[in-house]
Amino acid sequence: MFLCLFIDNFRLQAVSRRQALPPALPTALTNSSGNICELNHAAYTHHIRVGMSMPKAMSRCAQLKIVNPCLQAEKATQRLVWSNVWQISPKIELTRIGLVTVQLYRMDFETLCRQVEHCLGQLRRQDIFARAGAAPTPDWAELAAITAEAHSFKLKPDKQQMQTLLDHTALNMLPAMNDRTISLLDNWGIRSLGALARLPRNELGERLGTSILSIWDLLHGKTKRLLRFTELEPEFNETFPLETPIENLDAVCFLIRRAADALEQQLIQAGKVARAIEITLNIERRSPYRKRIQLPETTQQADLMERLLRNHLEQIQLRGAICEVTLSLDAVPPLGKQAGLFQHSVRNPWRLAETLDQLAGLVGEERMGSPRPINTHRPDSFTLSSLPTEFSEVDEATFVLPRIGPNLRRCRPAPKAQVQLHARGPAAIRSSIVTGEIQARKGPFCINGDWWTAMPWQLEEWDVEVADKGLFRIARKGRAWLVIGAYD
Amino acid sequence: MIENADKRAATFRKLTSKIGVVSAASLQLTQELRPNHSGWIPPSRMVECVCTGSSVGGQSLVELLLAKNLKNGSFAAFVDLANGFDLDSLSLGLEERMLWVRCQNETQSLKALDLLLRDDNFSLVVADLRSSSKHLRQAPARSWYRLQRLSHQREGYCVILAQEHLSPCMDLSLTLSANHRFATLNQGRTNIQQTIAQQIAEQLDSPVTTIAEAI
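Note that residues are indexed from 1 along each chain, following the sequence as it is written. Lettering for chains starts from A, numbering for ligands starts from 1, and both go in the order in which the items are written. Only residues with pLDDT of 70 or above have their local features reported here, since the model is predicted, and side-chain atom pairs are shown and tallied only from 80 upward, although totals for entire chains, interfaces and linings are computed over all residues. Side-chain metrics in this entry use all non-hydrogen atoms of the structure; hydrogen atoms and water are not considered.

(A) Representation of the overall build of chain A within the structure. The helix count covers DSSP runs of H or I at least four residues long, the strand count covers runs of E at least two residues long, and both are numbered beginning at the N terminus. Across its full length, chain A carries 15 helices and 23 strands. Of all intrachain contacts in chain A linking residues separated by at least 6 positions in sequence, the fraction that spans at least 24 positions is 60%. Surface summary for chain A: the accessible area is close to 25,300 Å², and the carbon and sulfur share equals 49%. Note on contacts: a residue pair qualifies if any of its non-hydrogen atoms lie within 4.5 Å across the two residues. Using the Shrake-Rupley algorithm and a 1.4 Å probe, accessible areas are obtained, with residue cover drawn only from the displayed protein chains.

Dropping the structure here:
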């Protein structure tokens, strides 16, 4: 059994998809001589036909969008079609532009119908409108696909059903038939492929030559050509150049969704998962915006990638309109790993990534994170790192170290204070934080560091109890007194 | 259909004659007013901890909460409006699963709280809003109610440290008022935390305090 996918006006569809042109817009593709070679249904309704010159076509429809063929777009679309069909069977032949033939093995019709409908639906979501047909020979499958209704699947499992189809198919539907033969057969009263198939082979060959014999054999399913299978290497990037720059987030997200869907297919086909995603937005007359996002978990799902990117884009502000969107993935083989019995992991890593991204947008990336100490004795030295997504079992012995005294609550920046000294120690303090008589004191604790560098530091710290206010840490830095914080 | 409704009504009448009628609202109220005998801050509630001074144990309470949370193996978030968190005095290892969000103003801190309470990955969300009680009291009530609803919908803890009572929609309001004494500087951290836990337990176990705050 063979399956054929036929994409009418393939080159036009490829360009329209790349430029995100709406299907309702009258669009036509021109060839090298400047004539219309492919057009969509909207253009057809404006009485534009294949072979017309551009001025003539424009005179019939002023809104007509004329596009040129784009090899890159065609390749990307072909790859997308190939990846989608690959999920049905890996034996794929790229027969010609807009036609893909697949060899099927041991497949029941119910499964086949479901898979083909899914494949057509996936392509439709990418603005690729295909039709499919399945039959016992590749040529019959092609005929079934060409004669299928728009966006649907025509299954002709045996010779009898195929004969019925041929009876209802016009002669010009077969690509191998030329106009002269069609008009001749028409004069004989032969108007369908079924009627042609019923004519005797030898007599037909005597009158019309040997070329008609191959057509006759094709209609009788006697020729079973060997398919030339093609393997396409997956490419994990999608680019959408835009003729009209966009400023709207929803429009960007629409393109991101489309790119993510296409990349998802590539990942499935390659059996890989995405580890990181990079988005590049080319901005008019500005340097491009680039962001690489490490995914919280490796995935193949377009939904999750799109949500993460949308969430990120909501937080940023660009200084111009976007003229190109590129999405690329860092694809890796899925890692087989078993978590330990007592190992904790994040409950919902995607939600966590979203929350962190939103928080970074709210307060700034440099103002949030997991605090980590730096290897120095300088007080209040820390760095903010990203939250770990996996961690091992909690060992209380490693973290609960005996500490003395209450926690400090720092004043940032430390306010200046006026300190009255008595017996070489502070006796009273006056500052914006605390004012009063010092009842008890402990110190000085002299600390210094970085004396071997150009920026040495030196502090003389005191722990003091201020009457009715509590415990505070104050410090002398040079000649100035500072309130470091309160023991809280 | 009507017969079924009549049957149900009759059954309901029989039941109410046996056990008495209790409205859903009063059941809810009974739950709210019931004193918390577990001796610790309840989960799924928005708990306010009013620190009347600068040195009453608010930061030590934060460390205590972080330590309890670390045992659960989930994340904790600390929304710091005062920007006063000190890593040097924190017990080593407690920062492992902690997210520190340093907000610059009240609006940011309320929004950050909103985002964090929506995420189930954080089983503990603590906010230190002590530096700006006046502005926060002027925040629209709907902001606080939204936070309250979010706290109710999640399983984790939500504790807000404030200088004074911020909003009437807090589920529970605790007070830390005893200033640290000089001798506390030589006390072990565990002892200090026990004292604070005891203060909280006393307030939670007291039905009068809880009823008053719930109302």
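(B) Local environment of the sheet that holds strand E6 (residues 99-103) of chain A. Residue and element names in this part refer to chain A. Strand order in the open sheet made by the 5 strands is E5-E6-E1-E7-E8, with mixed pairing throughout. Every other strand in the sheet has two partners, leaving strand E5 (92-96) and strand E8 (153-155) as the edge strands with one partner each. On average, each strand axis in the sheet is inclined to that of its neighbour by 20°, with strand direction left out of account. Only the stretch in contact is used when a helix axis is fitted, and all axes are lines through C-alpha atoms; the angle between N-to-C directions ranges over 0 to 180 degrees. Strand contacts of helix H4 (residues 71-86): strand E1 (2-6), E5 and E6, with the helix running at about 140° to E5, the strand carrying the most contacts. Following DSSP output, two strands are said to pair if at least two bridges run between them.

(C) Region of the structure containing the nonpolar core. Residues and elements named next belong to chain B. By nonpolar core we mean a set of buried residues, namely Ala, Val, Leu, Ile, Met, Phe, Trp, Tyr and Cys, connected to one another through side-chain atoms within 4.5 Å. Note on classification: 1.4 Å probe, protein chains only; a residue is buried when its accessible area is under 20% of the maximum for its type, exposed when over 50%, partly exposed between these limits. Ranked by internal contacts, the top residues of the largest apolar core, which has 37 residues, are Leu99, Leu116, Phe122, Trp144 and Ile160. Looking at this core, the element that brings in the most residues is helix H4 (residues 106-117), giving 6 residues. If near-sequence neighbours (up to four positions away) are discounted, Trp144 is found in contact with Met46, Leu110, Leu129, Leu136, Ala139, Ile160, Leu166, Ser167, Cys169 and Met170.

(D) Representation of the packing of helix H14 (residues 349-363) of chain A against H4 of chain B within the structure. Direction vectors running N to C along H14 of chain A and H4 of chain B enclose 175°, while the axes themselves pass 10 Å from each other. Classed by the angle they form, the pair H14 of chain A and H4 of chain B counts as roughly antiparallel. Residues Arg351, Thr355, Gln358, Leu359, Leu362 and Val363 of chain A of H14 of chain A form the contact with H4 of chain B, whose own contacting residues are Gln108, Lys111, Ala112, Leu115 and Leu116 of chain B. A breakdown of the residues in the contact of H14 of chain A with H4 of chain B according to their chemical character gives 6 nonpolar, 3 polar and 2 charged. For classification, angles of less than 35 degrees are called roughly parallel, those exceeding 145 degrees roughly antiparallel, those between 65 and 115 degrees roughly perpendicular, and all remaining angles oblique. Nonpolar residues are Ala, Val, Leu, Ile, Met, Phe, Trp, Tyr, Cys and Pro. Charged residues are Asp, Glu, Lys and Arg, and all others, Gly as well, are polar.

(E) Structural detail: helix H8 (residues 179-188) of chain A. Residue and element names in this part refer to chain A. Of all the positions in H8, only Thr181, Ile182 and Leu185 are classed as buried. The arc enclosing the buried residues of H8, seen along the axis, measures out at 100°, which places them on a common side. Exposed residues lying more than 90 degrees from the buried face of H8 are Asp179, Arg180 and Asn187. Check the buried side of H8 and you find it contacts helix H9 (193-198), helix H10 (201-208) and helix H11 (211-219). Arc definition: it is the arc formed by the directions from the helix axis to the C-beta atoms.

(F) Representation of the sheet that holds strand E3 (residues 36-39) of chain A. All names here are of chain A. As summarised here, the arrangement of the 3 strands in space is E3-E2-E4, forming an open sheet in which the pairing is mixed. At either margin of the open sheet sits one strand with a lone partner, and together these are E3 and strand E4 (65-67). Averaged over all pairs of adjacent strands, the angle between their axes in this sheet comes to 35°, without regard to strand direction. Across 3 bridges, the pairing between strand E2 (residues 27-30) and E4 is parallel. Bridge pairing in E4 links Thr27 to Lys65.

(G) Focus on the interface of chain B and chain A. The interface is formed by 61 residues belonging to chain B together with 56 residues belonging to chain A. Two parts placed together each lose some accessible area under a 1.4 Å probe, and adding up what both lose gives the buried area. Note on chain B versus chain A: buried area summed over both sides is about 5,400 Å², and carbon and sulfur give 54% of it. The salt bridge criterion pairs a side-chain nitrogen of Lys or Arg with a carboxyl oxygen of Asp or Glu, the two atoms within 4 Å. Glu465 of chain A serves as the salt-bridge partner of Arg181 of chain B, at 3.3 Å between the closest nitrogen and oxygen. Polar contacts here mean pairs of N or O atoms no more than 3.5 Å apart (in protein, one a potential hydrogen donor and the other a potential acceptor; neighbouring residues in sequence count only if both atoms are side-chain atoms). Viewed at the interface, chain A and chain B are joined by 32 residue pairs in polar contact (both at pLDDT 80 or more). For the side of chain B that touches chain A, the residue count by class is 21 nonpolar, 23 polar and 17 charged. Two elements, strand E14 (residues 368-373) of chain A and strand E3 (residues 98-102) of chain B, share 2 bridges in a ladder whose sense is antiparallel. Among the inter-strand pairings, Met368 of chain A is bridged to a residue of E3 of chain B, identified as Val101 of chain B.

(H) Molecular detail of the environment of His41 of chain A. All names here are of chain A. Residue position: His41 is located in helix H2 (residues 41-44). Here His41 falls in the exposed class, since its relative accessible area comes to 63%. Considering only alpha carbons, one finds His41 and Thr27, 14 residues apart in sequence, at a separation of 8.5 Å.

(I) Fine view of the pairing of strand E12 (residues 322-332) of chain A. All names here are of chain A. In terms of residue burial, E12 counts as a mostly covered element, since 8 of its 11 residues are buried. Strand direction decides the pairing type here: strand E9 (residues 237-246) and E12, joined by 6 bridges, are antiparallel. Each residue of the ladder has a partner; that of Pro241, found in E12, is Glu324.

(J) Focus on H4 of chain B. All names here are of chain B. For H4, with 12 residues, the first-to-last C-alpha span of 16 Å sits near the 16 Å given by 1.5 Å per residue. Residues Gln108, Ser109, Leu110, Ala112, Leu113, Asp114, Leu115, Leu116 and Leu117 constitute the buried set of H4. N-capping of H4 is provided by Asn105, with a side-chain oxygen placed 3.3 Å from the backbone N of Thr107. What a helix is expected to span follows from its residue count: subtract one and scale by 1.5 Å.

(K) Examining the environment of His168 of chain A more closely. Residues and elements named next belong to chain A. Mapped onto the secondary structure, His168 falls in the loop between helix H7 (159-167) and H8. For His168, a relative accessible area of 67% corresponds to the exposed category. Within the structure, the side chain of His168 is placed 2.8 Å from the backbone oxygen of Thr164, a separation counted as a polar contact.

(L) Representation of the packing of aromatic side chains. Ring pairs are drawn from Phe, Tyr and Trp, using the six-membered ring of Trp, whenever the two centres fall within 6.5 Å, and their geometry is named by plane angle: stacked under 30 degrees, edge-to-face over 60, tilted for the rest. By the definition in use, this model includes 5 aromatic pairs over all chains. With centroids separated by 5.9 Å and ring planes inclined at 45°, the aromatic side chains of Phe75 of chain B and Phe122 of chain B adopt a geometry described as tilted. With Phe75 of chain B in strand E2 (residues 75-80) and Phe122 of chain B in strand E4 (residues 122-128), this residue pair connects regions lying 47 residues apart in the sequence. Summarising the burial analysis for this pair, Phe75 of chain B and Phe122 of chain B share the class buried. Three or more aromatic residues link up through ring pairs in this structure, and these residues are Phe382 of chain A together with Phe78, Phe85 and Trp100 of chain B. Whether a charge sits over a ring comes down to the Lys NZ or Arg CZ being within 6 Å of the ring centre and within 35 degrees of the ring normal. Over the ring of Trp100 of chain B we find Arg102 of chain B, and its NZ or CZ is 4.9 Å from the ring centre.

(M) A look at unusual backbone geometry. Residues and elements named next belong to chain A. In this structure, Pro413 follows Arg412 across a cis peptide bond, with omega equal to -5°. Within the secondary structure, Pro413 is located in the loop between strand E17 (408-410) and strand E18 (416-422). The residue Arg285 is not glycine, and still its phi comes out positive at about 55°. Summarising the element assignment, Arg285 is placed in the loop between strand E10 (273-283) and strand E11 (289-299). Even without a glycine there, the phi angle at Asp468 is positive, about 60°.

Geometric descriptors of this kind do not, in isolation, establish any biological role.
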